Amino acid sequence: MSDVDNDAIDNDTVESDQIAPTAVAVLEHIVKSIVDDPDAVTVEVDDSGRRPTLNVRCGEGDLGRVIGRRGRTASSIRTVARAAASKDDVEIDIEFLDD
Amino acid sequence: MEWVETTAKTIDAAREAALDQLGVAADEAEFDVIEEPRPGLFGRVRGEARLRARVRPAQVRPKQERRRRSKSDKSDKPATSETSDSTEESSTPATSSTPKSAPPRARRQTSNKRNEEPTMTNDDRPESTVTPDEVGAAAVSFMEGLTSAFGSPAEVAVTVDGIELEVTVTGTELGLLVGPGGRTLNAVQDLARVAAQRRLGDHETRLRVDVAGYRERREAALSAFARDVAEQVRTSGTARSLEPMTSSDRKVIHDVLNEIDGVSTRSVGEDPDRRIIVDPA
């Protein structure tokens, strides 16, 4: 990571001990923006699998809107969060879980 | 919300023509069959199918229903039969093989009535008080938060023209937000709609998001391409089939070629493989 001339590095304010900081920030912002109870939203990185999984949890009743009709919103969230993860140089999975 | 009216030999064809005119996917539109096609002798069509369609107003599902849904997926069907019916309906192509289709007509009207019912919202936010300006402000704040989470400094602005809202994002490092073929941008726009329109219970506005002038450039490129194709078709007299495109891209092509004499356009196939065919007129 020493002399990679990449604009991703310049914007990376979070220390590298966190996996996929951009993706986590983006995911948190999106989900908090669409639920009724933003305070109940958490995003956790599970690094035990083949590639990092971002587990999204939200308050009771909010999961429906996060997933959307026929999973459309969930799929849009995945698309955008994966774009963000490319800034972190990782490929990620995203899971939506009910509390 | 504006209705468009189309006629064609079958209900299917009329429906697809309407979707192209509206520039939306099938699940974003609603239809009313005005006239069924009347079959003549030997399968010849005597009367054309006529229908009207419009973009389905964005809707908030009542809170209670969402709760019930998330608790047990099994009770899904009885609890939300109305909702699933309407989604089902929009994805089911109108039956062209059975021209006596009273059932589809009935179903369409139900879904219509449902949209007009103001009692849908037992949400605490009174939907009628949401103004286009408020929806625009919510969309701007969503996009500001998103670009800052991406670490891409950007300017976000909104123009409100009646019920048409256009959010424009400008900055230097926004390529990731557009993505290959604008796919990420389409997802971003989708999420902005959920965050602004649906969360505020807005049913009226039409919201578009453009990043780094992408849609404008895309539209210009598509228009130029469409003119080239029209020229080829006119001089060669041979029809040409284009690559599959999204409904909004197809709308650009249809609109451009409608203005040009000597060619006509139609769409064939089902999304996401739906494509335009340019015929010599």
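Anything mentioned here points back to the structure above.
The rules behind each value
Residues numbered from 1 in each chain as written. Chains lettered and ligands numbered in written order. Predicted model: local features only at pLDDT ≥ 70, side-chain atom pairs only at ≥ 80, totals over all residues. Heavy atoms only, no water. Core = buried A, V, L, I, M, F, W, Y, C linked by side-chain atoms within 4.5 Å. Buried < 20%, exposed > 50% of the residue type's maximum accessible area, 1.4 Å probe, protein only. Contact = heavy atoms within 4.5 Å. Helix = DSSP H or I, 4+ residues; strand = E, 2+ residues; numbered from the N terminus. Expected span 1.5 Å × (residues − 1). Pairing = 2+ DSSP bridges. Axes fitted to C-alpha atoms, helices over the stretch in contact; angles between N-to-C directions. Buried area = accessible area lost by both parts, 1.4 Å probe. Polar contact = N/O pair within 3.5 Å; in protein donor to acceptor, adjacent residues only side chain to side chain. Parallel < 35°, antiparallel > 145°, perpendicular 65-115°, else oblique. Left-handed = near helix turned anticlockwise from the far one by under 90°. Nonpolar A, V, L, I, M, F, W, Y, C, P; charged D, E, K, R; others polar. Salt bridge = Lys/Arg side-chain N within 4 Å of Asp/Glu carboxyl O.

*Asks:* Before we move on, could you go through the nonpolar core and cite the residues and values that matter?
*Replies:* In terms of nonpolar packing, the biggest core is built from 54 residues, with A:Ile77, A:Val80, B:Met143 and B:Leu146 touching the most fellow members. Look past the residues within four positions of B:Leu146 in its chain and what remains in contact with it is A:Val26, A:His29, A:Ile30, A:Val80, B:Leu177 and B:Val188. Counting residues in hydrophobic clusters, the runner-up holds 15 residues, among them B:Ile11, B:Ala14, B:Phe31 and B:Val55.

*Asks:* Quick one: what's the story with helix α1 (residues 11–22) of chain B, residue by residue and with numbers?
*Replies:* Residues and elements named next belong to chain B. Taking 1.5 Å of rise per residue, 12 residues should cover 16 Å, and α1 covers 16 Å from first to last C-alpha, within 8% of that figure. Here α1 lies mainly inside the structure; nine of its 12 residues are buried. Buried within α1 we find Ile 11, Asp 12, Ala 14, Arg 15, Glu 16, Ala 18, Leu 19, Asp 20 and Leu 22.

*Asks:* So what's going on with unusual backbone geometry? Which residues, and what values?
*Replies:* Unlike most non-glycine residues, A:Ala20 shows phi in positive territory, near 50°. A:Ala20 sits in the buried class, given a relative accessible area of 4%.

*Asks:* Give me the lowdown on the sheet that holds strand β2 (residues 29–35) of chain B, citing residues and values where you can.
*Replies:* Residues and elements named next belong to chain B. The three strands lie next to each other as β1-β5-β2, forming an open sheet whose pairing is antiparallel. Of all the strands in the sheet, the pair left with one neighbour each is β1 (3–8) and β2. The average undirected angle you get between the axes of adjacent strands in this sheet is 25°. α1 contacts β1, β2 and β5 (49–55) of the sheet and is inclined by roughly 140° relative to β1.

*Asks:* I'd love a proper account of the pairing of β1(B), names of residues and values included.
*Replies:* Residue and element names in this part refer to chain B. Burial of the side chains of β1 is restricted to one face: Val 4, Thr 6 and Ala 8 are buried, whereas none of Trp 3, Glu 5 and Thr 7 on the reverse face is. The sheet contact formed by β1 and β5 spans six bridges and is antiparallel. Among the inter-strand pairings, Glu 5 is bridged to a residue of β5, identified as Arg 52.

*Asks:* Lay out the interface of chain A and chain B with the relevant residues and their values.
*Replies:* Opposite the 29 residues of chain A that make contact, chain B presents 32 residues. Ranking the residues of chain A by area buried against chain B places A:Arg65, A:Arg69 and A:Arg72 at the top, with a combined share of 21%. In this structure, the connection of chain A to chain B is made through eight residue pairs in polar contact (both at pLDDT 80 or more). Among the secondary structure elements, those contributing two or more residues to the side of chain A that touches chain B are α1 (7–11), α2 (21–34) and α4 (72–87) of chain A. Per-element accounting of the side of chain A that touches chain B gives the leading share, 10 residues, to α4(A).

*Asks:* Tell me what's going on with the environment of B:Glu173, and back it up with residues and numbers.
*Replies:* With respect to the helices, strands and loops of the structure, B:Glu173 is situated in the loop between β7 (164–171) and α7 (175–178). Each C-alpha atom, one on B:Glu173 and one on B:Ala212, is 9.0 Å from the other, the two residues being 39 residues apart in sequence.

*Asks:* So, the side chain of B:Arg193: which residues are in play, and what are the values?
*Replies:* Residue and element names in this part refer to chain B. The residue Arg 193 is located in helix α8 (residues 183–200) in this model. Given a relative accessible area of 18%, Arg 193 falls into the buried group. A distance of 3.0 Å separates the side chain of Arg 193 from the backbone oxygen of Leu 207, its partner in a polar contact. Not counting chain neighbours up to four residues away, the residues in contact with Arg 193 comprise Glu 28, Arg 198 and Leu 207.

*Asks:* Describe the packing of α2(A) against α4(A), naming the residues involved and giving the relevant values.
*Replies:* Residue and element names in this part refer to chain A. Taken N-terminus to C-terminus, the directions of α2 and α4 make an angle of 155°; their axes are 7 Å apart at the nearest point. In terms of axis orientation, α2 runs roughly antiparallel to α4. When you trace α2 past α4, the crossing you get is right-handed. Side by side, α2 and α4 meet where Thr 22, Ala 23, Val 26, Leu 27, Ile 30, Val 31 and Ile 34 of the first sit next to Thr 73, Ile 77, Val 80, Ala 81, Ala 84, Ala 85 and Lys 87 of the second. Grouping the constituent residues of the contact of α2 with α4 by class yields 11 nonpolar, two polar and one charged.

*Asks:* Provide a residue-level description of the pattern of salt bridges, including the pertinent values.
*Replies:* Following the criterion strictly, the structure yields 15 salt bridges over all chains and no others. In this structure, B:Asp255 engages B:Lys251 in a salt bridge whose closest nitrogen and oxygen atoms are separated by 3.1 Å. Of this pair, B:Asp255 and B:Lys251 both sit in helix α10 (residues 247–258), four residues apart, which is roughly one turn of that helix. The partly exposed category is assigned to B:Asp255, whose relative accessible area is 39%. By relative accessible area, B:Lys251 is classed as partly exposed at 28%. Residue B:Asp279 pairs with B:Arg266 through a salt bridge whose shortest N-O separation is 2.6 Å. A residue pair is termed long-range when its members are at least 10 positions apart, and B:Asp279 in strand β11 (residues 275–280) and B:Arg266 in strand β10 (residues 263–268) qualify at 13 residues. Salt bridges linked by common partners bring A:Arg51, A:Arg82, A:Glu91 and A:Asp93 together as one network.

Everything listed here is a matter of coordinates, which is why it stays silent on function.
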